[in-house]
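The primary structure of each chain is shown beneath.
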Amino acid sequence: MRYVKVMLPLWLLYLALTANIELGNIVLGALVAALAAVLLQPVRQPWGVQLLPGTLWALTKYIVILIWDLIVSGVQVARIVLSPSLPIKPGIIAIPSGTASELGTALSAHAITVTPGQMVVEISDEGVMYTHVLDLTKSEAATQQAQVMRRDLLSRIFK
């Protein structure tokens, strides 16, 4: 039954995207949806209404902090670029993601990458994000601290 709950929306999405309701396409869509459902292997996760307020609060806080980081780092990068001496010391730092899920690691890497002056260049199998930064002297401690905050929020969002 749990496969049907995944397969049916995928099949309907396939049919809507292809806009072709011929028998061959309907059968192909069902096969593709069934294969995707088997590969995804949906698992039953405990979820309840009591988790919703905490999750929404953590998600809101995560988004607000991400927007604030974008603004602050954008100003810092503009200041560095506009400075005649161009005071940068670029480098690569290793930031452990510390999240249990790959989705949490990916979202954390995305938050780092969209921040001006930083970019995740590789994620190891252990979840360590190798990040290029414009100013190595200032960024390492701040980035580590920001990652701890992101990890805590993402763990509350993806319980």
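Residues numbered from 1 in each chain as written. Predicted model: local features only at pLDDT ≥ 70, side-chain atom pairs only at ≥ 80, totals over all residues. Heavy atoms only, no water.

### Brief notes about the overall build of the protein chain
Then comes step 1: Assigned secondary structure in the protein chain consists of five helices and three strands.
Then comes step 2: The linear arrangement of helices and strands in the protein chain, starting from the amino end, is α-α-α-β-α-β-β-α.
Then comes step 3: Put simply, the protein chain has 159 residues, and 27% of those count as buried.
Then comes step 4: Considering only residue pairs separated by 6 or more positions, the protein chain has 66% of its internal contacts joining residues 24 or more positions apart. (Helix = DSSP H or I, 4+ residues; strand = E, 2+ residues; numbered from the N terminus. Buried < 20%, exposed > 50% of the residue type's maximum accessible area, 1.4 Å probe, protein only. Contact = heavy atoms within 4.5 Å.)

### Comments concerning unusual backbone geometry
Then comes step 1: Positive phi, close to 55 degrees, is recorded for Ala-19, a residue that is not glycine.
Then comes step 2: On the secondary structure map, Ala-19 appears in the loop between helix H1 (2-18) and helix H2 (23-40).

### What about the sheet that holds strand E2 (residues 118-123)?
Then comes step 1: Here three strands make up an open sheet; going across it, the order is E1-E3-E2 and the pairing antiparallel. Of all the strands in the sheet, just strand E1 (91-96) and E2 have a single pairing partner and so form its edges. The sheet shows a mean angle of 30 degrees between the axes of neighbouring strands, taken without regard to direction.
Then comes step 2: Bridging between E1 and strand E3 (residues 128-133) involves six bridges; their strand directions are antiparallel. (Pairing = 2+ DSSP bridges. Axes fitted to C-alpha atoms, helices over the stretch in contact; angles between N-to-C directions.)

### Here's the deal with the confidence of the model for the protein chain
Then comes step 1: On average, the protein chain scores 81 in pLDDT, and the residues at 70 or more come to 89%.
Then comes step 2: For the protein chain, the element scoring lowest by mean pLDDT is helix H5 (residues 136-157), at 76; E2 scores highest, at 89. (pLDDT = per-residue confidence, 0-100.)

### Focus: the pattern of salt bridges
Then comes step 1: Under the criterion given, the structure shown has one salt bridge.
Then comes step 2: With a shortest N-O distance of 3.9 Å, Arg-151 and Asp-152 are connected by a salt bridge. (Salt bridge = Lys/Arg side-chain N within 4 Å of Asp/Glu carboxyl O.)

### A short note on helix H3 (residues 52-82)
Then comes step 1: For H3, built from 31 residues, the straight-helix expectation of 45 Å at 1.5 Å per residue is met to within 8% by its first-to-last C-alpha distance of 45 Å.
Then comes step 2: Burial in H3 covers these residues: Thr-55, Ala-58, Tyr-62, Leu-66, Ser-73, Val-77 and Ile-80. (Expected span 1.5 Å × (residues − 1).)

### So, a nonpolar patch on the surface
Then comes step 1: Nonpolar side chains collect at one region of the surface, where Leu-52, Leu-56, Leu-59, Ile-63, Ile-67, Trp-68, Ile-71 and Val-75 lie side by side and expose about 730 Å² of accessible area between them.
Then comes step 2: Considering the arrangement of structural elements, one finds Leu-56 in helix H3. (Patch = residues over 30% accessible without salt bridge, like charges linked within 9 Å, V, L, I, M, F, W, Y side chains within 5 Å. Areas by Shrake-Rupley, 256 points an atom, 1.4 Å probe, with all protein chains shown as cover.)

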